[in-house]
Amino acid sequence: MNTYLRRISSIFLRAVAIGLLAFASCSFKPPLFAQSTHPYTMTSDVAFHTIGDQQLLADVYQPVGLKQNAPVVLVVHGGAWMSGDKWMPSTYARMFAENGIAAVSINYRLAPAHKFPAQVDDVRAAMAWIHDNSAENHWDVTRFGMFGYSAGAHLCSLVAALDDEPWEKVRFTTSLPQDDPLWSKLHRPVAVVAGGTPADFRALPAENTMLAYFFGGSPAEKPNAYRYGSPAELVSAEDPVTLFYHGTKDLLVPIEQSEAYFKEQQRLSIPSEFVRVEAMGHLLTFMDQKARTNVLRFMKEQLAVE
């Protein structure tokens, strides 16, 4: 068993509980580094998709007073796929909006009540909503980015990696039929930011049930979910450029997960970047000012923002 699996098997649930408690108790403050002066509006609890009697909601951070259409970033929260909320990455969403980049921060259905691939389909539904509402909001979907941390980074990376994959693989990551009109509304992201990314579940022992609450069973029971739910399985030369950032002291998602994924992208000549956040754990990396500075720099470069 690799380093990631040896370490995560014994600490996963305890670390999740600690991490979620810390997230819930934190009061996030705006980043301290210099920013542009773009004013923006924030509209909360915008319904972007309805499934049965459940509405999925987004907070929309909209720059105002721009002379041209704004790029737009989909922001996806973490929380081990079983907790969390769209307010958690609000520091990042505000940062984007203050620098002329629209941000749509979403909720998605949570495990264990909703198993994989519900969360993946909810990210896709948000992308389709962005497509449908781009004209009235003056969003330039040719400059579309994705930001996620932890479980959110997994979902963003997975959707981005699947963009150029055949239906034979995609079908294991969706409950939607191949002829659903949603597929025609998914814009390939220009850039992805993935922080603290869990990227590879393929080497988990066949009978391991640690992630059954998310995948719906063990690897023996759900082999295709674990395989095609791993972004590392789907790396190809056409994948979007990615900024990975990861704490060197992350005990929830050890840094080897992101490093291996990044190195595979490098092997295929994808000009991605990797930022090691020294001596930081999972939560503190998310909150780190220097990490946020790199996220903003990368998004502005990739989405062509002055």
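Quick notes on the rules
- Residues numbered from 1 in each chain as written.
- Predicted model: local features only at pLDDT ≥ 70, side-chain atom pairs only at ≥ 80, totals over all residues.
- Heavy atoms only, no water.
- Helix = DSSP H or I, 4+ residues; strand = E, 2+ residues; numbered from the N terminus.
- Buried < 20%, exposed > 50% of the residue type's maximum accessible area, 1.4 Å probe, protein only.
- Areas by Shrake-Rupley, 256 points an atom, 1.4 Å probe, with all protein chains shown as cover.
- Salt bridge = Lys/Arg side-chain N within 4 Å of Asp/Glu carboxyl O.
- Expected span 1.5 Å × (residues − 1).
- Axes fitted to C-alpha atoms, helices over the stretch in contact; angles between N-to-C directions.
- Parallel < 35°, antiparallel > 145°, perpendicular 65-115°, else oblique.
- Left-handed = near helix turned anticlockwise from the far one by under 90°.
- Contact = heavy atoms within 4.5 Å.
- Nonpolar A, V, L, I, M, F, W, Y, C, P; charged D, E, K, R; others polar.
- Pairing = 2+ DSSP bridges.

What exactly am I supposed to notice about the overall build of the protein here?
For the protein, the helix and strand inventory stands at eleven helices and eight strands. Taken across its 306 residues, the protein has 58% of its residues classed as buried. Surface summary for the protein: the accessible area is close to 12,600 Å², and the carbon and sulfur share equals 52%.

Just checking my understanding: could you explain the pattern of salt bridges for this structure?
Opposite charge on two side chains lets them pair, provided their charged atoms get close. Under the counting rule described, the total for this entry stands at 16 salt bridges. With a shortest N-O distance of 3.3 Å, Lys169 and Glu165 are connected by a salt bridge. For Lys169, a relative accessible area of 25% corresponds to the partly exposed category. The class for Glu165 is buried, based on a relative accessible area of 14%. A salt bridge links Arg202 to Asp200, with the shortest nitrogen-to-oxygen separation between them at 2.8 Å.

Would you mind going over helix 5 (residues 151-162) with me for this structure?
Since the α-helix packs 3.6 residues into each turn, any two residues three or four apart lie on the same face. For helix 5, built from twelve residues, the straight-helix expectation of 16 Å at 1.5 Å per residue is met to within 8% by its first-to-last C-alpha distance of 17 Å. A large share of helix 5 lies buried, amounting to twelve of its twelve residues. Regarding helix 5, the residues found buried are Ala151, Gly152, Ala153, His154, Leu155, Cys156, Ser157, Leu158, Val159, Ala160, Ala161 and Leu162.

Looking at this structure, I do not really get the packing of helix 2 (residues 90-98) against helix 11 (residues 289-302). What am I missing?
Relative orientation and spacing of two packed helices are given, respectively, by the angle between their axes and the distance between those axes. Two elements in contact, helix 2 and helix 11, have axes whose closest approach is 11 Å; the angle formed by their N-to-C orientations is 40°. Judged by the angle between their axes, helix 2 and helix 11 are oblique. The handedness of the crossing between helix 2 and helix 11 is right-handed. Facing Thr91, Tyr92, Met95 and Phe96 of helix 2, the residues of helix 11 in contact are Arg292, Val295, Leu296 and Met299. Residues of the contact of helix 2 with helix 11, tallied by class, amount to six nonpolar, one polar and one charged.

Which parts of the structure should I look at to understand the sheet that holds strand 1 (residues 40-51)?
In a beta sheet, neighbouring strands are held together by backbone hydrogen bonds and run either parallel or antiparallel to one another. Strand order across the open sheet formed by eight strands is 1-2-4-3-5-6-7-8, with mixed pairing between neighbours. Looking at the sheet topology across the chains shown, the edges are occupied by strand 1 and strand 8 (273-277). Strand after strand, the sheet turns through a mean of 20° between neighbouring axes, direction not considered. Of the strand pairs in this sheet, strand 5 (residues 139-149) and strand 6 (residues 191-195) are connected by five bridges, and their pairing is parallel. The partner of Gly145 across the bridge, within strand 6, is Ala191. The sheet contacts of helix 5 involve strand 3 (70-76), strand 5 and strand 6, and relative to strand 5 the element is tilted by about 135°.

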